[in-house]
Amino acid sequence: MAHQGGANAVCTIGVLVMVFGVLVLCENAAATTVNVGGASGWTVGHNYKTWAAFNKVRPYDSLFFKYDPKVHNVLVVSKADYDACKTSSPWSKHQTGKDFIKFTKSGTYYLICGVGSHCQAGMKLAVTVRWW
């Protein structure tokens, strides 16, 4: 009798793992592209704090940054560098003007424009990536 209970527990765990795996696959399949700044794109003068508050970003979604590459870029930086608008040691640098950036893990990520004083002028984005 105890043996049968153990078998049922194993089957239940197997079903839970299978269901969880399917849920993860479904979440990945539903990934979308989020246009940073909406119609304005990545530019000086846009309120990215407000934009981030109203846009959901999940793991595997892509952030799309559209901008003039002669005038802007996108740097992924640490929180300290974000706060200080420090551009000298980015984790990654994007400069095509049509950049897709994908974060696969939940967390808060920090992105700034590394050109001139654009970051100090508000061209910076703190985006929280999470399962909603």
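Higher on the page you've got the structure.
Residues numbered from 1 in each chain as written. Predicted model: local features only at pLDDT ≥ 70, side-chain atom pairs only at ≥ 80, totals over all residues. Heavy atoms only, no water.

Applying the stated criterion across every chain, the model contains 1 disulfide. A sulfur-sulfur separation of 2.1 Å characterises the disulfide bridge that pairs Cys 85 with Cys 119. An S-S torsion of about -75° defines the bridge between Cys 85 and Cys 119 as left-handed. One end of the pair, Cys 85, is in the loop between helix H3 (79-84) and strand S4 (92-94); the other, Cys 119, is in the loop between strand S6 (107-112) and strand S7 (124-129), and 34 residues separate them in sequence. You'll find Cys 85 and Cys 119 in the same group, each marked buried. (Disulfide = S-S within 2.5 Å. Helix = DSSP H or I, 4+ residues; strand = E, 2+ residues; numbered from the N terminus. Buried < 20%, exposed > 50% of the residue type's maximum accessible area, 1.4 Å probe, protein only.)

To continue, consider the sheet that holds S4. Strand order across the open sheet formed by 4 strands is S4-S3-S6-S7, with antiparallel pairing between neighbours. Two strands lie at the open edges of the sheet, namely S4 and S7, each paired on one side alone. Strand-to-strand twist in this sheet, taken as the mean axis angle between neighbours without regard to direction, amounts to 25°. The pairing of S6 with S7 spans 6 bridges and is antiparallel. Across the sheet, the residue bridging to Gly 107 is Val 129, located in S7. (Pairing = 2+ DSSP bridges. Axes fitted to C-alpha atoms, helices over the stretch in contact; angles between N-to-C directions.)

So, on to the sheet that holds strand S5 (residues 98-102). The sheet built from 3 strands is open, its strands ordered S1-S2-S5 with mixed pairing. The outermost strands of the open sheet, each flanked by one partner alone, are strand S1 (33-35) and S5. Averaged over all pairs of adjacent strands, the angle between their axes in this sheet comes to 30°, without regard to strand direction. Examined bridge by bridge, S1 and strand S2 (residues 62-66) share 3 bridges and lie parallel to one another. Within S2, the position partnered with Val 34 by the bridge is Leu 63.

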